[in-house]
Amino acid sequence: MAVCRWRRKDISVWEDSTHTGTDVLRKKMSNRTTVTEFLLLGFSDVRELQIWHFVGFLVMYLAALVGNLLIFMAIAFDHHLHTPMYFFLMNLSILDLGSISVTVPKSMANSLMNTRSISYAGCVAQVFFLVFFVTADFSLLIVMAYDRYVAICQPLHYDTMMNSRACVQMAAGAWISGILNSVLHTGNTFALTFCGGNMVDQFFCEIPQLLKLTCSDSYLSEGWVLAFGVCLVLGCFVFMIVSYVQLFKSVLRIPSEQGRHKAFSTCLPHLTVVSLFVCTASFAYLKPTSSSPSALDLVASVLYSVLPPIVNPVIYSMRNKEIKAALRRLTGYRNSPRINFLSFSN
């Protein structure tokens, strides 16, 4: 009889634990199915500050929009700029326009309408396009560094190595790498189960912040993929630094002071842009996530997602006499010549 009573007690305990586990599982699945939207981080709950946030982001967005469009039009409509360097710069302007258009307009709209929500599908789209544009942007920056390396260190082989076919293949490779990386990270992230609420501690859907909302250890797979991707980026960055060291050695051997100045004026801004982008993005994705929003996380995200599209047109055009001359010719433009991007005049 005592054995029977113990068995009944064990069965009762097992049934209770089973029901508890089932309830937890049902709760997790319920939370997963009810996540139809996410709540993004608001810059302030004060209405006046929300308006100032809208105005500030509007000014930055218009600056990036106008600057990148001017560079695109100047290169597209001026045959003097149909060279590999400016071809890549035109692609960079398109990618910059795309990357800033993914995050800033939604944040502006939320501040203006005093809301913080973004739909589940909207969050998926934001992650996909942001990873796509950012990856393609970085890949293109590497291609541009290679272009400058060949132009300065191997000038006699430049026309052969950077012909029109090679330039199109390099640019296409940058865009394709962005698509593949975006599909990988977006698929991994949204294949996970969300049961930690729907509050995203960022002003856009950022993968590290979304991983905080998952309810299983399966997020570790995406975490390792992110860490590997960032380490790969850092490896490419180190390789780029080594290439620039060799490049600067070649520049210092140029006898003409004007030639050295021109070489440094095209290489140093590029290195500055890449360094800012890589350092801030690596910090945002490698830093351990905290349970509460951090001002440092917000600043880092703004630096790698918002600032580069704004400063790139300034860096590449303000001290570039050819771009300035092309913009002056563009303002007095009357005819409509045939545009041929592939016939680079090296």
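Residues numbered from 1 in each chain as written. Predicted model: local features only at pLDDT ≥ 70, side-chain atom pairs only at ≥ 80, totals over all residues. Heavy atoms only, no water.

Asks: Even after reading the chapter, I still don't get empty space enclosed by the protein, so can you show me in this structure?
Replies: Regions of empty space are outlined by a rolling probe, equal in size to a water molecule, passed over the atoms. Counting across every chain of the model gives 3 cavities of 30 Å³ or more. In this structure, the second largest cavity spans a volume of roughly 50 Å³. Forming the boundary of the second largest cavity are D96, S99, V134, D137, F277, Y304, S305, P308 and P309. Elements represented by at least two residues in the lining of the second largest cavity include exactly α3 (84-112), α4 (120-153), α10 (295-305) and α11 (307-317). Within the lining of the second largest cavity, the residues separate by chemical class into 5 nonpolar, 2 polar and 2 charged. (1 Å grid on protein atoms, 1.4 Å probe; cavity = no way out; pocket = protein on both sides within 12 Å on 5 of 7 lines; lining within 4 Å. Points joined across faces, edges and corners; volume = space filled by probe spheres on them. Helix = DSSP H or I, 4+ residues; strand = E, 2+ residues; numbered from the N terminus. Nonpolar A, V, L, I, M, F, W, Y, C, P; charged D, E, K, R; others polar.)

Asks: Explanation requested: α10 in the structure shown.
Replies: Residue pairs three or four apart in sequence face the same way in an α-helix, which turns once every 3.6 residues. Buried within α10 we find D297, L298, A300, S301, Y304 and S305. All buried residues of α10 fall inside an arc of 165° around its axis, so they share one side. (Buried < 20%, exposed > 50% of the residue type's maximum accessible area, 1.4 Å probe, protein only. Arc of directions from axis to C-beta.)

Asks: How do you make sense of the state of the cysteines when you look at a structure like this?
Replies: Working definition: the covalent bond between the sulfur atoms of two cysteines is a disulfide. A full pass over the atoms with the stated rule returns 1 disulfide. The disulfide that involves C123 links it to C205, with 2.1 Å between the sulfurs. Given an S-S torsion of about -125°, the disulfide between C123 and C205 has left-handed geometry. Of this pair, C123 sits in helix α4 while C205 sits in the loop between α6 (164-190) and α7 (207-211), and the two are 82 residues apart along the sequence. The two residues C123 and C205 agree in class, both being buried. (Disulfide = S-S within 2.5 Å.)

Asks: Is there a simple way to explain the confidence of the model for the protein in this structure?
Replies: Looking at the protein as a whole, the pLDDT averages 79, with 80% of positions reaching at least 70. Per-residue pLDDT stays below 50 along residues 1-33; that stretch engages in 10 contacts with residues further than four places along the chain or on separate chains. (pLDDT = per-residue confidence, 0-100. Contact = heavy atoms within 4.5 Å.)

Asks: It is not clear to me how the layout of surface pockets should be interpreted in this structure. Could you clarify?
Replies: Approximately 660 Å³ is the volume found for the second largest pocket. Forming the boundary of the second largest pocket are 26 residues, of which T135, F138, N181, G229 and V233 lie nearest the centre. Looking at the lining of the second largest pocket, the elements that each hand over two or more residues are α4, α6, α8 (219-252) and α9 (257-286). The element that contributes the greatest number of residues to the lining of the second largest pocket is α8, accounting for 8 residues.

Asks: Teacher, can you tell me more about the packing of α3 against α6 here?
Replies: Relative orientation and spacing of two packed helices are given, respectively, by the angle between their axes and the distance between those axes. Direction vectors running N to C along α3 and α6 enclose 20°, while the axes themselves pass 10 Å from each other. In terms of orientation, α3 and α6 fall into the roughly parallel class. Both α3 and α6 take part in a crossing whose hand is right-handed. For the pair formed by α3 and α6, the contact residues are P84, F87, F88, N91, I94 and L95 on the first element and C167, V168, M170, A171 and W175 on the second. Of the residues assigned to the contact of α3 with α6, the class counts are 10 nonpolar, 1 polar and no charged. (Axes fitted to C-alpha atoms, helices over the stretch in contact; angles between N-to-C directions. Parallel < 35°, antiparallel > 145°, perpendicular 65-115°, else oblique. Left-handed = near helix turned anticlockwise from the far one by under 90°.)

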